[in-house]
Amino acid sequence: MLTMETKDRVKNGNFALYTIQEEKPSLVSVGTANNGFSDMFLKGTECGTTLRQPFATQSGISTGEFEDNEPGTSRHTTKAKDIDESQKEGSFSCSAAEDIFPTAIFVKLVMMRRESGLPDAELQEMLRGKLRILENDSGEVMAVFSELSARLLSIHSDQDLIVITFKTFEEIWKFSTYHSLGFVGHCMENLLLDQAFWLHHLDEEDAWINVLIDEESLSSMYRGIMMQEGTYFARCIAEQSYDSSSSGSELTLQHNDIVIVEPLSSGSSWTAQSLVDGTRGVISKSALEPVGSFHQWFLKTYTESIWMCSNSVQFDFPFQIAVGSCFASVYSKGNGPDELAFQTGDSIEIVGFLVSCLEWFVGKHADSGKIGLVKTRDVKPSDSVCQSTEVFINEDEKSIFKFQEECFREDSITLLKKMSQTDIGTVYKMDKLGPLGSARMLPQETQSMVSDQERRELKDKRRISMERKEPQTSASLSENEDAISIRSHPQPSGPGEPCFFISNSEENPSAEEFQPLLEFLNSLEYKPEFRNLYDFSFAFLNSTFHGYSEEEELVCYLGLARETARKKKMLWAQTRVCFLLGKLCAKKCKFSQARVYFEEALSVVKEDFMDMFLLIAVNTNLAAIYLKQKNKEKCSAIFERIAALLMGIPNYICSTEMESEILKYILKKTVLAQNKLAEARTCFLLAKFYTKRNENDRALPFIERLQLLTKELSIRIRTMPSDYYLTLGKLYGEKYLPHLAVSCVKHAALHSSSTLTDCLIGINFVLKNASRLYGMGRAGVVIPTQVGPYLKRALTFFSNKGEQAHCRTICLCLSQLYQHHKMFNKAICYLLNAINSESWTSSVDATDTLISLAWLHILNYQYEKALDILNSILDTSPSSCTPLQQGAVYNMRAIALRHVKDVRQAAESLQKALYICEEQDFKHNRAIVQANFGFLCVFAKATCLAETSLVKSVKLFSELQDAAHDISFITVLLELGQYYIGQNQKEKGPFYYEWAFLIAIMANHADCQIQATQLLCHFYRTVSQNEAQCIIYSEHLLALARKTGDKKLEGEILESISQLYFSLGTERAYKSALEYTKRSLGIFIDLKKKEKEAYAWLQAGKIYHTLRQNELVDLYIQVAQDSAISTGDHYFALELFEAAGDVFFNGSWDRDKAVLFYRDRALPLAIKTGALKIQLRLSNKLVELLLNLKAFGEAVEYAQTAMAISISFDDQLNERVAYHRLATVYHCLGQCELAEHYYLKALSLCSSPLEFDEETLYYVKVYQTLGDMLFYELKDPHDAAGYYHLALAAAMDLGNKKSQLTLCTRLATIYHNFLVNRELSLFFYQKARVFAADLNVRRINLSPDQYYQNTAKTQLKTFV
């Protein structure tokens, strides 16, 4: 028995390692990593299920294999024992033999039912079939996993496995994030589920793909990659103290402390350095574990920020991130205007959040209402304080995750209206010729007549729709009640913002000139007009100050203003002017001077800071200066203060580009303190910072981390879950990651809490990413069916809100979607819903919808219903239809009438449609009417009129230049070509086929190209045989099948090309045929087309037999038989067994092998199934084979069986053949009397009189055989002469001189030597001399000894 491994090698042309397992009765499949692997995987039911079986360590697949595989190359399954043996070879070691890590990860795909939570066997088999197809053409899979940051190794369809690997920890980080967020499953659904699947399961929305991954193996691979890199960040898994090798201080690590480690030159220990205090020491590898992949990336990417922090990463506070009020545990007078003064026991309200790992927080004194910084260690929690479950302080902060809802809704609805538009009322539909009487073969329900009640309902709907007027709707959609309006605080400055003119007329301007500016700046609290002053964009240079030509002039002006403010004791004005001067100096890289200004801004004011935005702006800019000057001491002090302000003040104004460094410092502290809530808040702030600067690539990792933490911690957030996903989807779309983008939108739009806007945005995303999603292998996907769920949910939202106009639009879209995939019943259902809606823009739209409904009924073979709808349209007022619509109705009515065989009325309707076309001067519609009339004439067998109409249609089409009409033109050309071929005009037929083919190429219509090429192949194969032309077109058809991704068609074409090459009969052609056969075999195996697969195996064996490569013939034929048996179809197996015997029977060598197939396999099965005709055929073949093998005794049995079956059929021809074969067998056995008897029985079954020369020749042969048998074997010359006379009479009637020469010679011999009749002897001798002269035979020998001698040496020849 051939293993699956052998099959894979055969498919890919590798024949070096064939193995036969004769002890196994059937084909076996191998390739699993563990025996219990499938059962283990099926235990998981949710996305992201963690598996704790170390199966991935047995992959046996090296990462180097990935580099050698090109897209589309095949990957072979691996035996379990080979995997075990290659475990060490397929894994990498890190400095010690025991450190072995996996190099491949197994991804298990399980089709699940959402409602039951259980796997679905039927859907799983469908998924397995798709995997089987992609197993040897994995370009699409490779592209999707590349988008998911993974590297494809192989696909194991029999186990529903995809094997992937990673080369960097960043790849593992990205893939793990996508998997945890549920994106991998959605990407697999888009890849593996075809377009029709989404529509079939639209109503239930229950099926989904569960992606199962062994997290333990993934973590082990991540650990191995990090150890290979050498330097990485790790977490201590136990509390230990280590002596420092470089200093006298001791490295003390607590549980989960993070250190940076580097490998030593030898041994199993590593050098570790604490991130808190910088102490170093030697630590064992077993005590370390790499930090999470996101933290690893963050700490490695931003190494400059990780060392600047205080020595403490956690303060004594019971909550990680707290809200509420607390009590002061100590007295504090406040060391500056930014610090809050309080007494012991005072109540302090937390402003924003109190983060336990930060030294400060922003507090508000309960009694005085003052706000300032408070040290975390100086307070203790009150009863009202609690752990925060949010990451946003107020509603305004989440504005970065909100889309411009109205814009997206309008855009999406515009797309929907474009989708729902149809030209059915202006462009005529074209009929297509099909098999006559096909309608009678349809199910009864589709051909049911329309009742009177249904007719009345249709007329009522028509009347009501025509009477409806355009509803009073607003110009734009009302805002969704679930959506939250976008507000921004603080508000941007408006057109009334003060503007100050800088005059250069005087060298020393007076103090009064600065008074307006100083009064504007000398505000205790924040004013919206200050926003441009604080913002990092330096907008104040153009919006607030005018009249200067260079920035130096502005600096001088502000310097004088600073002095004026100082003299007038306008402290807040002085502070803000110093801030502006510091920003301008920093802009020109005058950092020392800028530092002086910023420090002065903080020191001028002695009272409490009321403008928290100014405090944040000054501090962040000052911190930026410290960073640039690498002043770590100052940074450590100010960073903690800024961290508290950023974590506590919502919607602060970003004032410097270096703010990200401060946020990274905060993030680092949250990581070291393992404060995930604070980490989520910091990720949000970083995402907000980068998003506002349009640095989306930098924002993306932090948004992903925020979404992951939100899911992991189940944070209750005020924003909808869809907002995160929509933002991610937008960013993925910008990065050209379409599968991830659509996956994000699916999460958002199909969530239980999603809104109408989410659904509309989902529709927008899917439609705009369709070309990216289906760019490979799925040509022709214009509107992806993935929009179906969004359309259905949006329909529900619109229905609940009573917006019937939009409900009608969506129903039209869904109807067209179902119609495109030939699901006409569903399309009709949604179109009826559109008709029943209460909103119509005009009667023209209503008429178009009814015409569309009629066309759907025609496509669904419901012609009576279509006629009733069309007649109801014509019965209404003419003002309700445009002339073009009337023409479209008449044309469509003619199509329906043709199908109900009312040719006369159909012709009248076409005449009316043609008249309207001529009035409107619409040449395209005239061409379609002429074509439909031609089809009608073909149907009515009016051939001359049909040809005239079709030629007119072609002429009209050829005069058009619009590419939109190409499909109709192609259809007419193909039908006209078929017409000419049917009329046996073989020159014109292919001309029109090729014309259609060229237009299809120019228009890039893949389906039309396939149709035209198939017709050309059929023509050159069967009508006008031309193997070369047929091969050329078949090769092009093969390329088209690959382009459209139609694997079934591709396999059939490969099979056809193989047969064409085989028919050429040359060795080179046989080898080409073998190549195509193997390629088709691989596809049939993937598609699980067992019958096609069996014949492909057999065809390959037949070609090997022709090439005389006998060592492979038996192998292939045996596998073909096994495949036939595996189908369970006895009749198919019988057919294949006979075909396998025919390989040898029709050959010129090894014909004896055919006996084994006929006698031992086919004939017993034929007897078992009662297939008498096959038994007869097999018996006749066995008789001939056994005669050639001289097994005459065995041949008698089968000859008698054939005779008995022939008699039971009452078929004289079969009966005559059976008698003749039986006579031949007895003749060979020397039983001449029985042979004579059955020869005469065979002759008696011949028709009389003889009709054909073949029958006369049969008489000559049989009578001559009888004469020879009696003369030479029975030694009866008298009776032999009688048979010779009968044979001579038949030969004379036939005019066969050669036979007459032979018979006259033998009669002359008999009469001369045995019957002694000189007269007759001379007569036949003379006639023989005449024939000999005519045939140029020089000598005639009448000696009887010569005849006996020649007969003894010559084998008796028989014929069938």
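Residues numbered from 1 in each chain as written. Predicted model: local features only at pLDDT ≥ 70, side-chain atom pairs only at ≥ 80, totals over all residues. Heavy atoms only, no water.

J.: Teacher, can you tell me more about the confidence of the model for the protein here?
T.: Interpretation of the predicted coordinates at a detailed level should be avoided for regions scoring low in pLDDT. On average, residues of the protein score 79 in pLDDT, and 81% of them reach the 70 mark or higher. Contacts for the low-pLDDT stretch residues 1–98, under 50 throughout, to residues beyond four places or in other chains number 226 contacts. In the predicted structure, residues 776–781 sits below a pLDDT of 50 and forms 19 contacts with residues beyond four places in sequence or in another chain. (pLDDT = per-residue confidence, 0-100. Contact = heavy atoms within 4.5 Å.)

J.: Whenever I open this one, the packing of helix α51 (residues 1232–1244) against helix α52 (residues 1253–1273) confuses me. Can you help?
T.: Packed helices, taken two at a time, are described by their axes: the angle between them and the distance between them. The N-to-C vectors of α51 and α52 enclose an angle of 165 degrees; their axes lie 11 Å apart at closest approach. As summarised for this structure, α51 and α52 are arranged roughly antiparallel, according to the angle between their axes. Both α51 and α52 take part in a crossing whose hand is left-handed. Counting all contacts with α51, which are made through C1232, A1235, E1236, Y1239, L1240, A1242 and L1243, the residues of α52 involved are Y1258, Y1259, V1262, Y1263, T1265, L1266, M1269, L1270 and E1273. Along the lines of polarity and charge, the residues of the contact of α51 with α52 split into 13 nonpolar, one polar and two charged. (Axes fitted to C-alpha atoms, helices over the stretch in contact; angles between N-to-C directions. Helix = DSSP H or I, 4+ residues; strand = E, 2+ residues; numbered from the N terminus. Parallel < 35°, antiparallel > 145°, perpendicular 65-115°, else oblique. Left-handed = near helix turned anticlockwise from the far one by under 90°. Nonpolar A, V, L, I, M, F, W, Y, C, P; charged D, E, K, R; others polar.)

J.: Explain helix α36 (residues 923–939) here, please?
T.: For α36, which comprises 17 residues, the first-to-last C-alpha distance of 24 Å matches the rise-based estimate of 24 Å (1.5 Å per residue) to within 8%. When you tally the buried positions in α36, you get 13 out of 17 residues, the bulk of the element. Immediately downstream of α36, the backbone of K941 shows phi near 65 degrees, a positive value. (Expected span 1.5 Å × (residues − 1). Buried < 20%, exposed > 50% of the residue type's maximum accessible area, 1.4 Å probe, protein only.)

J.: Can you help me understand the pairing of strand β19 (residues 371–375) in this one?
T.: A regular strand places its side chains so that they alternate between the two faces of the sheet. Where strand β18 (residues 360–365) lies against β19, five bridges are found, and the strand directions are antiparallel. Within the sheet, the bridge partner assigned to K364 lies in β19 and is I371. Count of turn residues in the β18/β19 antiparallel hairpin: five residues, of which G369 carries a positive phi of about 80 degrees. (Pairing = 2+ DSSP bridges.)

J.: I'm lost on the environment of G139 in this one. Help?
T.: Here G139 is to be found in helix α6 (residues 139–147). Given the relative accessible area of 17%, G139 is considered buried. Taking the C-alpha atoms as reference, G139 lies 9.7 Å from L152; in sequence the two are 13 residues apart.

J.: What's the story with the pattern of salt bridges in this structure? I'm lost.
T.: For the coordinates displayed, the defined rule picks out 44 salt bridges. When the shortest N-O distance is used, the salt bridge between E563 and R562 registers 3.3 Å. The class for E563 is partly exposed, based on a relative accessible area of 26%. One salt bridge in this structure joins R705 and E679, with 2.8 Å as the shortest N-O distance. (Salt bridge = Lys/Arg side-chain N within 4 Å of Asp/Glu carboxyl O.)

J.: So what exactly am I meant to see when it comes to the nonpolar core here?
T.: Note that soluble globular proteins tend to have their nonpolar side chains buried in a common cluster. If you look at the biggest cluster of nonpolar residues, it comprises 396 residues, and the most contacted ones within it are I162, M188, F545 and F702. The element best represented in this core is helix α20 (residues 612–628), accounting for 13 residues. Each residue touching F702, except ones within four places of it in the same chain, is listed here: F294, W297, F298, Y302, L667, C683, L686, A687 and Y690. Residues A322, I350, F361 and V385 belong to the second largest nonpolar core, which totals 13 residues. (Core = buried A, V, L, I, M, F, W, Y, C linked by side-chain atoms within 4.5 Å.)

J.: It is not clear to me how the sheet that holds strand β13 (residues 288–290) should be interpreted in this structure. Could you clarify?
T.: Spatial ordering of the open sheet is given by β12-β11-β10-β7-β13, a layout of five strands whose pairing is antiparallel. Every interior strand has two partners, whereas the edge strands, β12 (280–284) and β13, have only one. Ignoring strand direction, the axes of neighbouring strands in this sheet form an average angle of 45 degrees. Pairing of strand β11 (residues 269–274) with β12, which is carried by five bridges, proceeds in the antiparallel orientation. Of the residues in β12, the one forming a bridge with T271 is V282. Across the sheet, helix α10 (residues 215–229) is in contact with β7 (232–236), β11 and β13; its angle to β13 comes to roughly 100 degrees.

J.: It is not clear to me how the packing of helix α48 (residues 1172–1188) against helix α49 (residues 1192–1209) should be interpreted in this structure. Could you clarify?
T.: The geometry of α48 relative to α49 is characterised by a closest axis approach of 8 Å and an angle of 150 degrees between their N-to-C directions. Our classification of the angle between α48 and α49 gives roughly antiparallel. Like other packed secondary-structure pairs, α48 and α49 cross with a definite hand, here left-handed. Contacts from L1172, K1173, Q1175, L1176, S1179, N1180, L1182, V1183, L1186 and L1187 in α48 reach F1192, E1194, A1195, Y1198, A1199, T1201, A1202, I1205, S1206 and F1209 in α49.

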